[in-house]
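Chain by chain, the residues run as shown.
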Amino acid sequence: MSKKSVLLVAIAMLFSILLAGCGGGGGDKKAAAPAAPAAGGNKLIIYTSMKESLIGGIVEGFKKKNPGIEVDYQSAGAGKLMAKIAAERQSGKILADIIWTSEVPDFYSMKKEGILEQYKTPLFKEILNPFDDYDGYFTAARLGTLGIAINTDKIKTPPAQWSDLFKPEYKGAFGIADPALSGTAYMSVALLEKQFGWPFFEKLRANGARIGKGSGQVIDDTASGELGASLAVDYITYDKIKKGAHIALYYPPELLIAPSPVAIFKGGRNLDAAKKFVDYLLSKEAQTLIAAEGTLSVRADVPSPEKLKLPPAADALKRSIKIDYVKMMESKKETIKKFTDTLQGKK
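Basis of the calculations
Counting of residues starts from 1 at the beginning of each chain's written sequence and follows it residue by residue. Given that this is a predicted model, residues contribute local features only at a pLDDT of at least 70 and side-chain atom pairs are listed and counted only at 80 or more, while totals for whole chains, interfaces and linings are drawn from all residues. No hydrogens and no water enter the side-chain calculation; it runs on all heavy atoms of the structure. The secondary structure listing takes helices from DSSP runs of H or I that are at least 4 residues long and strands from runs of E that are at least 2 residues long, numbered from the N terminus. When a residue's accessible area, from a 1.4 Å probe over protein chains only, is under 20% of the maximum for its type it is buried; when over 50% it is exposed; and in between it is partly exposed. In this description, contact between two residues means that some pair of their heavy atoms is separated by no more than 4.5 Å. Accessible surface area values rest on a Shrake-Rupley calculation with a 1.4 Å probe, where residue burial reflects the displayed protein chains alone. Any Lys or Arg side-chain nitrogen found within 4 Å of a carboxyl oxygen on Asp or Glu counts as a salt bridge. Note: two strands are recorded as paired if DSSP finds a minimum of 2 bridges between them. In summary, the pairing rule links any two rings of Phe, Tyr or Trp, Trp by its six-membered ring, whose centres are within 6.5 Å, and it sorts them by plane angle into stacked for under 30 degrees, edge-to-face for over 60 and tilted for everything else. Two N or O atoms form a polar contact when they lie within 3.5 Å of each other; inside protein one atom must be a possible hydrogen donor and the other a possible acceptor, and for residues adjacent in sequence the pair counts only when both atoms belong to side chains.

## Focus: the overall build of the protein
Logical step 1: Across its full length, the protein holds 13 helices and 10 strands.
Logical step 2: Looking at the 347 residues of the protein, the share that counts as buried comes to 48%.
Logical step 3: A sequence separation of at least 24 residues applies to 75% of the contacts in the protein between residues at least 6 apart.
Logical step 4: Working note: accessible area of the protein is about 17,400 Å², and carbon and sulfur atoms make up 55% of it.

## A few points about helix α9 (residues 271–281)
Logical step 1: Within the span of α9, buried status applies to Ala-273, Ala-274, Phe-277, Val-278, Asp-279, Tyr-280 and Leu-281.
Logical step 2: Where α9 is buried, its residues contact β1 (44–48), α2 (52–65), β3 (98–100), β5 (139–151), β10 (256–265) and α10 (284–292).

## Looking at the pattern of salt bridges
Logical step 1: What the rule picks out here adds up to 13 salt bridges.
Logical step 2: Notably, a salt bridge pairs Lys-337 with Asp-341, separated by 2.7 Å at the nearest N-O pair. Separated by four residues within a single helix, Lys-337 and Asp-341 lie in helix α13 (residues 332–343), roughly one turn from each other.
Logical step 3: For Lys-337, a relative accessible area of 53% corresponds to the exposed category.
Logical step 4: Since its relative accessible area comes to 16%, Asp-341 is described here as buried.

## Considering the pairing of β5
Residues in a regular strand point their side chains to alternate faces of the sheet.
Logical step 1: The buried fraction of β5 amounts to 13 of the 13 residues, a majority that puts the element mostly inside the structure.
Logical step 2: Looking at chain direction, β5 and β10 are connected through six bridges and run antiparallel. Each bridged residue has a counterpart across the sheet, and for Thr-145 the counterpart in β10 is Ile-257.
Logical step 3: Where β5 lies against strand β8 (residues 229–233), five bridges are found, and the strand directions are antiparallel. By the bridge assignment for β8, Ala-149 is matched with Ser-230.

## Observations concerning the packing of aromatic side chains
Logical step 1: Here the structure, examined in full by the defined rule, presents 13 aromatic pairs.
Logical step 2: Ring centres 5.6 Å apart and planes at 70° place the aromatic pair Phe-131 and Tyr-325 in the edge-to-face group. Of this pair, Phe-131 sits in the loop between β4 (116–117) and β5 while Tyr-325 sits in helix α12 (residues 325–330), and the two are 194 residues apart along the sequence.
Logical step 3: Using a relative accessible area of 11% as the deciding quantity, one classes Tyr-325 as buried.
Logical step 4: For the pair Phe-196 and Phe-200, a centre-to-centre distance of 5.3 Å together with 20° between the ring planes defines the contact as stacked.
Logical step 5: Among the aromatic residues, ring-to-ring pairing joins Phe-166, Phe-196, Trp-198, Phe-200, Phe-201 and Phe-339 into one connected group.

## Some words on the environment of Ile-150
Logical step 1: Among the secondary structure elements, Ile-150 is positioned in strand β5.
Logical step 2: Sequence separation between Ile-150 and Ala-248 is 98 residues, and the spatial gap between their C-alpha atoms is 5.5 Å.
Logical step 3: Not counting chain neighbours up to four residues away, the residues in contact with Ile-150 comprise Ile-155, Pro-158, Pro-159, Tyr-170, Thr-222, Gly-228, Ala-229, His-246, Ile-247, Ala-248 and Tyr-250.

## What about unusual backbone geometry?
Logical step 1: If you check the backbone angles, Lys-309 has positive phi at about 60° while not being a glycine.
Logical step 2: Within the element layout of this structure, Lys-309 appears in the loop between α10 and α11 (313–319).

## As for the side chain of Thr-295
Logical step 1: Considering the arrangement of structural elements, one finds Thr-295 in the loop between α10 and α11.
Logical step 2: Overall, Thr-295 belongs to the buried group, its relative accessible area being 1%.
Logical step 3: In terms of polar contacts, Thr-295 uses its side chain to reach the backbone carbonyl oxygen of Leu-143, at 3.3 Å.
Logical step 4: Not counting residues up to four positions away in its chain, the partners in contact with Thr-295 are Arg-142, Leu-143, Gly-144, Thr-145, Asp-234, Ile-290, Ser-304 and Leu-310.

Here you go:
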């Protein structure tokens, strides 16, 4: 064999040794294994209208309890989320596993359309349920309250009754968020109309009440002094107070409660993980986080922080104005028009 041939054979043998050492068949340096997929092959996806500080803490707590489940969430207004869900349905697949917002009528609509999974959590016996027709398609996970927020530099006598809003000190100084823009505002208008009828809003109009923009905007206007008072959501108001705003929140006897339901979408690939999330959300640990954010827990064994001066959850439910949510949903367009016409002085 020539020197040239010997050299070629040696190179070929060396190449074979290198291949054996670097391949996936048993060398010391094995190829890295792919990361294990999340439960059901996907992340658990949550759509929610809850603010970042609340949903973020709850998701972190859930992940600690369930380290094998990956979670992602999108926090946005309920209207935007419902539009997103509608678009996803058009394309053939809802991407989320969980929906948690404060727009109760949306949940009745989704149930009617057959896109929700029926799940009766074993924790149901431990919670306060605001729905007389509960059947497991959605479960209240929070009890939002609305009261009268006042600018304490402008209004010196705290309101004790809803009728106090007709007094001279509230003349031209009381605001309600536009129910066409805010689902929470619409629920409040529907509840007040159910309890007091349209004369209540006619008297508000006679005293110069105004229609504001979103629920947060009317509270901002109250804090700035542009308004003397407003129909206000609890956690938004307490957040402003925490930041130093000169406002206070008062609750008349007839209480406005806006439940925040949670539901599981039908056909998701993470059904077991979704059920675990609902159970965690209703647990004492998660509900304590909810109470700390300035709204009522659905558990009687989770009190609100004393400084917030919220009524106990069980008492609040007893005092709350009751309404047929299905009828409220069906009459939404008509109610909003009548409210707008009334406060704008149209006949």
